[in-house]
Amino acid sequence: MTPRAVSAADEGLLNCHSCGLLSKNVPNAHDRCPRCGAHLHLRKPDSLARTWALLIAAFLLYIPANILPVMHTASIIYEEDDTIMSGVVYLWTSGSWPLAILVFCASVTVPLAKLIALSVLAWTAQHKSTWRQQERTRLYRLVEFVGRWSMLDIFVVTLMVGLVHFQSLATISAGPGAVAFAAVVVLTMFAAMSFDPRLIWDPEQKQDD
Ligand SMILES: [Zn+2]
């Protein structure tokens, strides 16, 4: 038999989000950290409501991010609008398939996978599920980690803009799809930040009591 897991909240212990100082027996919810003065919370306030709001906004913007042009190319001879997918197809057919795979993963697969993963985490936490808690905690860490590399796609676009400027007289500008895409990335990062992973382990305590 495994010993009963004790949470910090059960023991009246509270960690400061800013400086990491552990406070004991904090009497009310709006107390401040004695060392750095940051607000202390047992759990992030309205964590699930905020996460859902940001996730829904990100899901909605994912559609224009993929349908609207992300890149507008104009030269004397031609003018062209490119969406993420047409860019991927162009890269693939022109022979730079490693770049095509990179752009496809970074701008289509990864953002959607992150949105689905966060929805699963928020949904299961909301329904106080005890299903695969350890894997869910790992999934959360993975989503947070991937967040730091999501701007990779913007980087690729910038690189291409630089290359085209270098090679020809064409001008490239970002289309409305790029704005929507950047918004999806930022909203997803905020959604991951507002989700409190400690909520995954809360049902465990309630079951034991
Ligand atoms: Zn502090």
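These numbers were taken from a predicted model, which means no experiment stands behind them.

**Student:** Would you explain the environment of Cys 33 in this entry?
**Tutor:** Mapped onto the fold, Cys 33 is located in the loop between strand E2 (22-24) and helix H1 (47-67). The spacing of Cys 33 and Asn 15 is 18 residues in sequence and 8.9 Å in space, taken between C-alpha atoms. Not counting residues within four places of it along the chain, the set of residues in contact with Cys 33 comprises Cys 16, Cys 19, Leu 21, Ala 38 and Leu 40.

**Student:** Got a minute to help me understand the coordination of the zinc ion in this structure?
**Tutor:** Here the zinc ion is held by Cys 16 (SG), Cys 19 (SG), Cys 33 (SG) and Cys 36 (SG), and the distances to it run 2.3 Å. Each of the 4 donor atoms around the zinc ion contributes to a set of angles spanning 105 to 111°, which defines the coordination as tetrahedral. The sequence pattern formed by the donor residues of the zinc ion is C-x2-C-x13-C-x2-C. A relative accessible area of 4% places Cys 16 in the buried class.

**Student:** What's the story with unusual backbone geometry in this structure? I'm lost.
**Tutor:** Leave glycine aside and you will find that most residues have negative phi; peptide bonds, for their part, are mostly trans. The backbone of Asp 46 sits at a positive phi, close to 50°, despite the residue not being glycine. Mapped onto the elements of the fold, Asp 46 is located in the loop between E2 and H1. Given the relative accessible area of 53%, Asp 46 is considered exposed. You will see that Arg 132, though not glycine, has its phi angle at about 45°, which is positive. As for its placement among the helices and strands, Arg 132 is situated in the loop between helix H3 (97-126) and helix H4 (133-147).

**Student:** Any chance you could explain the UniProt feature "transmembrane region" (unreviewed entry) in the protein here in plain terms?
**Tutor:** When the UniProt feature table is mapped to this numbering, "transmembrane region" (unreviewed entry) covers residues 52-77, 97-124, 145-166 and 172-192. Here residues 97-124 is 100% helix and 0% strand, with 38 Å between the C-alpha atoms at its ends. Secondary structure across residues 172-192 comprises 81% helix and 14% strand; the distance between its end C-alpha atoms is 33 Å.

**Student:** Sorry if this is basic, but what is going on with the packing of aromatic side chains here?
**Tutor:** Aromatic ring pairs: the centre-centre distance and the angle between the two ring planes describe each pair. According to the stated counting rule, one finds 1 aromatic pair in the structure shown. An angle of 50° between the planes, with centres 5.5 Å apart, marks the rings of Tyr 140 and Phe 195 as tilted. Note that Tyr 140 is positioned in helix H4 and Phe 195 in the loop between helix H6 (176-194) and helix H7 (202-208), a separation of 55 residues in sequence. As far as the burial class goes, Tyr 140 and Phe 195 line up, both buried.

**Student:** Sorry if this is basic, but what is going on with the pairing of strand E4 (residues 79-82) here?
**Tutor:** Remark: a regular strand shows side chains that alternate across the two faces of the sheet. Direction of pairing for strand E3 (residues 71-74) relative to E4: antiparallel, over a ladder of 4 bridges. Looking at E4, one finds that Thr 73 is bridged to Glu 80. Hairpin connection of E3 to E4: 4 residues between the antiparallel strands.

**Student:** Mind showing me how you'd approach the packing of H3 against H4 here?
**Tutor:** What describes two packed helices is the angle between their axes and the distance between those same axes. Contact pair H3 / H4: the axes reach a minimum separation of 10 Å and the direction vectors enclose 145°. In this structure, H3 crosses over H4, and the sense of that crossing is left-handed. Contact residues: H3 offers Val 110, Lys 114, Ala 117, Leu 118, Leu 121, Thr 124 and Ala 125, while H4 offers Arg 136, Leu 139, Tyr 140, Val 143, Val 146 and Gly 147. For the contact of H3 with H4, the residue count by class is 9 nonpolar, 2 polar and 2 charged.

**Student:** Whenever I open this one, H4 confuses me. Can you help?
**Tutor:** For the α-helix, the turn length of 3.6 residues means that residues three or four positions removed from each other point alike. Over its 15 residues, H4 runs 21 Å from end to end, which matches the ideal 21 Å to within 8%, given 1.5 Å per residue. What H4 keeps buried is the set Gln 133, Arg 136, Thr 137, Tyr 140, Val 143 and Gly 147. The buried residues of H4 occupy an angular sector of 120° when projected down its axis, which confines them to one face. For H4, the exposed residues set more than 90 degrees away from the buried face come down to Arg 138 and Arg 141.

Thresholds, definitions, all that
- Residues numbered from 1 in each chain as written.
- Predicted model: local features only at pLDDT ≥ 70, side-chain atom pairs only at ≥ 80, totals over all residues.
- Heavy atoms only, no water.
- Helix = DSSP H or I, 4+ residues; strand = E, 2+ residues; numbered from the N terminus.
- Contact = heavy atoms within 4.5 Å.
- Donors = N, O, S within 2.8 Å, 3.2 Å for Na, K, Ca; no water.
- Tetrahedral: all angles 85-135°; square planar, octahedral: opposite > 155°, others 65-115°.
- Buried < 20%, exposed > 50% of the residue type's maximum accessible area, 1.4 Å probe, protein only.
- UniProt positions renumbered as here; feature names shortened; annotations may be inferred.
- Phe/Tyr/Trp six-rings, centres within 6.5 Å; stacked < 30°, edge-to-face > 60°.
- Pairing = 2+ DSSP bridges.
- Axes fitted to C-alpha atoms, helices over the stretch in contact; angles between N-to-C directions.
- Left-handed = near helix turned anticlockwise from the far one by under 90°.
- Nonpolar A, V, L, I, M, F, W, Y, C, P; charged D, E, K, R; others polar.
- Expected span 1.5 Å × (residues − 1).
- Arc of directions from axis to C-beta.

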